[in-house]
Amino acid sequence: MSDQLNPTRRGNTTQLKKDDSPFNYVLITGPGRSGTTWLGRMMDSYEHCSYKFEPFVRSPLYREWKNDLESGDVKELRRRFASLCSNFDHDVDLPPFPAKSFRWQNPQLLHLLYGLGSRVEALKPLYHWYGKTKLTSETPILIKDVNFPTPLLPRLCEVLQPKLIGMIRNPFGRIASTLKGKELNQFNQRSQLDKIEGMRRSIDAVGGNFLSEYRDRLQEMSDMQLDAVIWRIQVEPLVEYTRSYDQGLVIVYEDLCNDPQGKITEIFNFVGWKLGQTTRDFINESTTGERQLSDKSKAYFSVYRDPRTSMSKWKTQLTDEQQADIASVIRDSPLKDLWSDLPI
């Protein structure tokens, strides 16, 4: 892929000594409905890591840090982030609570306190107090954050020096899954005008000739075509940067679905973790089929499903006309060859 798809040139990232950072970070990011939650749960089964779930989405404290990312002092940003990760936060330290080498707390009591904190704001400090553990420089911090803005990734990687896992899903599958979520009222709906203006800002942020052929005719496009352009805006720069970053790994959701055990072995080798039986057991448990849940929203976000069925649902969920509209945008994507079964 050409430099025009790269939101920030790699040369703008200054590498700092690793021993300046108190923790070793692993960051999983990607567009929503791309399997990041499933991968995060797989990796959270590693007994030595501390897992932070969508901190920049869910936590005001982490969002404040993110807002200071571009202009703040690197060492101070690093210190502040380590302090945030050392605490136990109702917004980002979520159940379930798999066994951890550093956790002495009773998982059932943690669950109880989390539920109480969800109902009574004043009880959250009790959860924070009971859940806090002593983390050391040997404790990997695993962060899963959906839709982290790609233009900020070089700066975040400069500050935290994480192992970066960029996860992507084929555009047809991702769009079909998002449509299902809209039917279930799981996402805030923006007006068409706001959606298009946001897309133009994102295209301009990448710069160069990136998607210039679409920028000024977005209002003429169908909903499916717009969603396909959004996929390209989110995915192409992420893949470009992750491939250029010397500690980056791109994971394709469908590859993980086809061979969960093999791909997780590759991922654990990449981050330098030892793959154990607990992780293998979780993979087997989460891939045996969809659990029957009365709450459709919980079922929608569940990580327990047959991945081979999940990755191909789009073929029946999308009409021929919808598939043709998506294909009209995706056939020019430099990433289309990552999938062999796209109708383009």
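About the criteria used
- Residues numbered from 1 in each chain as written.
- Predicted model: local features only at pLDDT ≥ 70, side-chain atom pairs only at ≥ 80, totals over all residues.
- Heavy atoms only, no water.
- Helix = DSSP H or I, 4+ residues; strand = E, 2+ residues; numbered from the N terminus.
- Buried < 20%, exposed > 50% of the residue type's maximum accessible area, 1.4 Å probe, protein only.
- Core = buried A, V, L, I, M, F, W, Y, C linked by side-chain atoms within 4.5 Å.
- Contact = heavy atoms within 4.5 Å.
- Expected span 1.5 Å × (residues − 1).
- Polar contact = N/O pair within 3.5 Å; in protein donor to acceptor, adjacent residues only side chain to side chain.
- Pairing = 2+ DSSP bridges.
- Axes fitted to C-alpha atoms, helices over the stretch in contact; angles between N-to-C directions.
- Parallel < 35°, antiparallel > 145°, perpendicular 65-115°, else oblique.
- Left-handed = near helix turned anticlockwise from the far one by under 90°.

Peer 1: Pulling in residues and values, what's your account of unusual backbone geometry?
Peer 2: Residue P95 is joined to P96 through a cis peptide bond whose omega torsion reads 0 degrees. Relative to the helices and strands, P96 is located in the loop between α4 (74-86) and α5 (107-119). Even without a glycine there, the phi angle at E54 is positive, about 45 degrees. Within the element layout of this structure, E54 appears in the loop between β2 (50-53) and α2 (55-58). Positioned with a positive phi, N147 is a non-glycine residue whose angle comes to about 60 degrees. Locating N147 in the fold gives a position in the loop between β3 (140-146) and α7 (153-160). We classify N147 as partly exposed; its relative accessible area is 42%.

Peer 1: I'd like a rundown of the nonpolar core, residues and numbers included.
Peer 2: Within the largest apolar cluster, 61 residues are counted, with the highest numbers of intra-cluster contacts made by Y25, W65, F81 and V229. Looking at which element gives the most residues to this core, the answer is helix α11 (residues 223-244), with 11 residues. Setting aside its immediate chain neighbours within four residues, Y25 contacts F81, A82, C85, I141, I143, L160, P162 and K163. In this structure, I28, L94, Y253 and V303 belong to the second largest nonpolar core, which totals 37 residues.

Peer 1: How would you sum up helix α8 (residues 171-183)? Please name residues and give values.
Peer 2: Over its 13 residues, α8 runs 18 Å from end to end, which matches the ideal 18 Å to within 8%, given 1.5 Å per residue. Listed in full, the buried residues belonging to α8 are P171, F172, G173, R174, I175, A176, S177, T178 and G181. The backbone nitrogen of F172 lies 2.7 Å from a side-chain oxygen of the residue at the head of α8, namely N170. Immediately downstream of α8, the backbone of N185 shows phi near 60 degrees, a positive value.

Peer 1: Describe the pairing of strand β4 (residues 163-168), naming the residues involved and giving the relevant values.
Peer 2: Across the 6 residues of β4, 5 count as buried, placing the element largely inside the fold. Two elements, strand β1 (residues 24-30) and β4, share 4 bridges in a ladder whose sense is parallel. Within the sheet, the bridge partner assigned to I28 lies in β4 and is I165. Examined bridge by bridge, β4 and strand β5 (residues 248-252) share 5 bridges and lie parallel to one another. Bridge pairing in β5 links L164 to G248.

Peer 1: Break down the packing of helix α9 (residues 192-206) against α11 for me, with residues and values.
Peer 2: Contact pair α9 / α11: the axes reach a minimum separation of 11 Å and the direction vectors enclose 30 degrees. Taken together, the axes of α9 and α11 are roughly parallel relative to one another. Relative to α11, α9 is oriented so that their crossing is left-handed. On α11, the residues that touch Q192, K195, M199, S202, I203 and V206 of α9 are D223, L226, D227, V229, I230, I233 and P237.

Everything listed here is a matter of geometry and, on its own, says nothing about what the molecule does.
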